[in-house]
Amino acid sequence: MLIWITIGVVWFIDRVLKVLIQGNFTLGESVVVIPDFFHLTYVLNPGAAFGLLPGRTWIFIPTAIIVCIGIVYAQFKIPRQEWLMRLTLGLIGGGALGNLYDRLFIGKVVDYLDFQIWPFVFNFADSAIVVGVGLLMIKMFLEEQKVHKRT
């Protein structure tokens, strides 16, 4: 159940934020939140997270669908007590669905989080995916350490 709740919450927050940005900003508009550090900037991203591989939507739509199918399958295989694994899959799935929605209905992904310390603008869904993958990597690393300590 945690996977589905997390997917729903991430997708809902992502949609609300994107609707607010689209309804209150014009394309390309930027508002300074913290000078020289953080802006809200409305852009449409034709690529992956952080603007990678622009114009390759044909890759990202099937990839997101495959990821979501994999999460549905995994949810039946992962023991209920593995809450961290379920949370990470929910974050990844919710983020994938958020950006998939944009690609299917807008043709590009709505991005708006603009930290001035690097040149990329991203969104909540991208953040959920990155946090989910990061937690998954940490979990896998810790599990591997446990195996090595036993041998």
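Because the structure is a prediction, the values reported are computed rather than measured.

Asker: Got a sec to walk through the overall build of the chain? Specific residues and values, please.
Answerer: Helix and strand counts for the chain stand at four helices and four strands. Written out in order from the N terminus, the α and β elements of the chain read α-β-β-α-α-β-β-α. The C-alpha extent of the chain, read off along each of the three principal axes, is 55 × 35 × 25 Å. For the chain, buried positions account for 36% of its 151 residues. The contacts of the chain with a sequence gap of at least 6 include a subset with a gap of at least 24, amounting to 66%. In the form shown here, the chain has an accessible surface area of approximately 8,900 Å², with 73% of it arising from carbon and sulfur atoms. On the chain, the mean spot of the 12 positive side-chain charges and the mean spot of the 10 negative ones are 13 Å from each other.

Asker: Give a detailed account of helix α3 (residues 83–105), specifying residues and quantitative values.
Answerer: The terminal C-alpha atoms of α3, which comprises 23 residues, lie 32 Å apart, in line with the 33 Å expected from a rise of 1.5 Å per residue. After α3 finishes, the residue G107 shows a positive phi value of roughly 95°.

Asker: Run through the nonpolar core, naming residues and quoting values.
Answerer: Of all hydrophobic cores here, the largest spans nine residues; its members are I3, I7, I71, A74, I78, M85, L89, I92 and L136. Among the secondary structure elements, those contributing two or more residues to this core are α1 (2–24), α2 (57–77) and α3. Tallying contributions element by element places α3 first for this core, with three residues. Setting aside chain neighbours within four positions, we find L89 in contact with I3, I71, A74 and I78.

Asker: Which residues make up the environment of F124, and what values do they have?
Answerer: Mapped onto the secondary structure, F124 falls in helix α4 (residues 124–150). For F124, a relative accessible area of 25% corresponds to the partly exposed category. When the C-alpha atoms of F124 and P79 are compared, they prove to be 28 Å apart, with 45 residues separating the residues in sequence. Apart from the residues lying within four places of it in its own chain, the contact partners of F124 are V10, I13, D14, L17, Y112 and L113.

Asker: Pulling in residues and values, what's your account of the pattern of salt bridges?
Answerer: Applying the stated rule across the entire model yields six salt bridges. Across the pair D102 and R15 runs a salt bridge whose closest N-O atoms are separated by 2.8 Å. In this pair, D102 is assigned in helix α3 and R15 in helix α1, connecting sequence segments 87 residues apart. Pair check on accessibility: D102 and R15 agree, each one buried. The shortest N-O distance in the salt bridge between K139 and E82 comes to 3.0 Å. Linking K139 in helix α4 with E82 in the loop between α2 and α3, this pair joins segments that are 57 residues apart in sequence. Judged by its relative accessible area of 11%, K139 falls in the buried class. The structure contains a network of salt bridges with shared partners spanning D14, R15, K18 and D102.

So, how was this worked out
Numbering of residues begins from 1 in every chain and follows the order in which that chain's sequence is written. Reporting in this predicted model follows two pLDDT cut-offs: at least 70 for local features of residues, and 80 or more for side-chain atom pairs to be given and counted; totals over whole chains, interfaces and linings ignore these cut-offs and use all residues. Derived side-chain values reflect all non-hydrogen atoms in the structure, with water molecules and hydrogen atoms excluded from consideration. Helix numbers and strand numbers start at the N terminus; a helix is a DSSP run of H or I with at least 4 residues, a strand a run of E with at least 2. Throughout this description, buried means an accessible area under 20% of the type-specific maximum (1.4 Å probe, protein chains only), exposed means over 50%, and partly exposed covers the range between. In what follows, a contact means two residues having at least one pair of non-hydrogen atoms within 4.5 Å. A 1.4 Å probe and the Shrake-Rupley method give the accessible areas. Residues count as covered only by the protein chains that appear here. In this count, Lys and Arg are taken as positive residues and Asp and Glu as negative ones, while His and the chain termini are left out. By convention, the charge on Lys lies at NZ, on Arg at CZ, on Asp at CG and on Glu at CD. Each residue after the first adds 1.5 Å to the expected span of a helix. What we call a nonpolar core is a set of buried Ala, Val, Leu, Ile, Met, Phe, Trp, Tyr and Cys residues that are connected through their side-chain atoms within 4.5 Å. In the sections that follow, a salt bridge refers to a side-chain nitrogen of Lys or Arg positioned within 4 Å of a carboxyl oxygen of Asp or Glu.

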